[in-house]
Amino acid sequence: MKVVVDLNRCQAYAQCIYAAPRHFVLHGREALVYDPSPDEAARAEIERAVQACPVRAITAYPDPAGEAK
């Protein structure tokens, strides 16, 4: 799975952190750090984070390279 956060769109509401705390972290007041390649076991958490983002800054999609493994 691949995760992309549009950091220009992100407003640091931090809803993703509540939905998936092992995959999204705020450093300081506005610097979001995230896991761009979580494993498939995290899919439910990541999907909750995508839905929780009020500005729709998070996109998650299957990783074609990961499917070949």
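Only a predicted model underlies this, so the values are computations on that prediction, with no experimental measurement involved.

Cut-off values and rules
Residues numbered from 1 in each chain as written. Predicted model: local features only at pLDDT ≥ 70, side-chain atom pairs only at ≥ 80, totals over all residues. Heavy atoms only, no water. Salt bridge = Lys/Arg side-chain N within 4 Å of Asp/Glu carboxyl O. Helix = DSSP H or I, 4+ residues; strand = E, 2+ residues; numbered from the N terminus. Buried < 20%, exposed > 50% of the residue type's maximum accessible area, 1.4 Å probe, protein only. Pairing = 2+ DSSP bridges. Phe/Tyr/Trp six-rings, centres within 6.5 Å; stacked < 30°, edge-to-face > 60°.

J.: Quick rundown of the pattern of salt bridges? Include the residues and the values.
T.: In the structure shown here, the tally under the stated rule is three salt bridges. Between Glu45 and Arg22 there is a salt bridge, with the nearest N and O atoms lying 2.4 Å from each other. In this pair, Glu45 is assigned in helix α2 (residues 43–52) and Arg22 in the loop between α1 (15–19) and β2 (24–27), connecting sequence segments 23 residues apart. Residue classification places Glu45 among the buried residues on the basis of a relative accessible area of 13%. In this structure Arg22 comes out as exposed when scored by relative accessible area, which is 65%. Put simply, Glu40 and Arg43 hold a salt bridge, and the shortest N to O gap is 2.8 Å. Judged by its relative accessible area of 25%, Arg43 falls in the partly exposed class. Three or more residues are tied together by salt bridges with common partners; here these are Glu40, Arg43 and Glu47.

J.: Can you lay out unusual backbone geometry for me, pointing to particular residues and giving the numbers?
T.: For Ala12, which is not glycine, the phi torsion reads 60 degrees and is therefore positive. Within the secondary structure layout, Ala12 lies in the loop between β1 (2–5) and α1. The phi angle at Arg56 is positive, at roughly 55 degrees, despite the residue not being glycine. Positionally, Arg56 belongs in the loop between α2 and β4 (58–61).

J.: So what about the pairing of strand β3 (residues 31–34)? Which residues, and what values?
T.: Relative to β3, β2 runs antiparallel, the two sharing four bridges. Considered in β3, the bridge of Leu26 is made with Leu32.

J.: Explain the packing of aromatic side chains to me, using residue names and the numbers behind them.
T.: According to the stated counting rule, one finds one aromatic pair in the structure shown. Summarising the aromatic geometry, the rings of Phe24 and Tyr34 are spaced 6.3 Å apart at their centres and angled 20 degrees between planes, so their arrangement reads as stacked. Within this pair, whereas Phe24 is found in strand β2, its partner Tyr34 is found in strand β3, the two being separated by ten residues in sequence. The exposure class of Phe24 is buried, given its relative accessible area of 1%.

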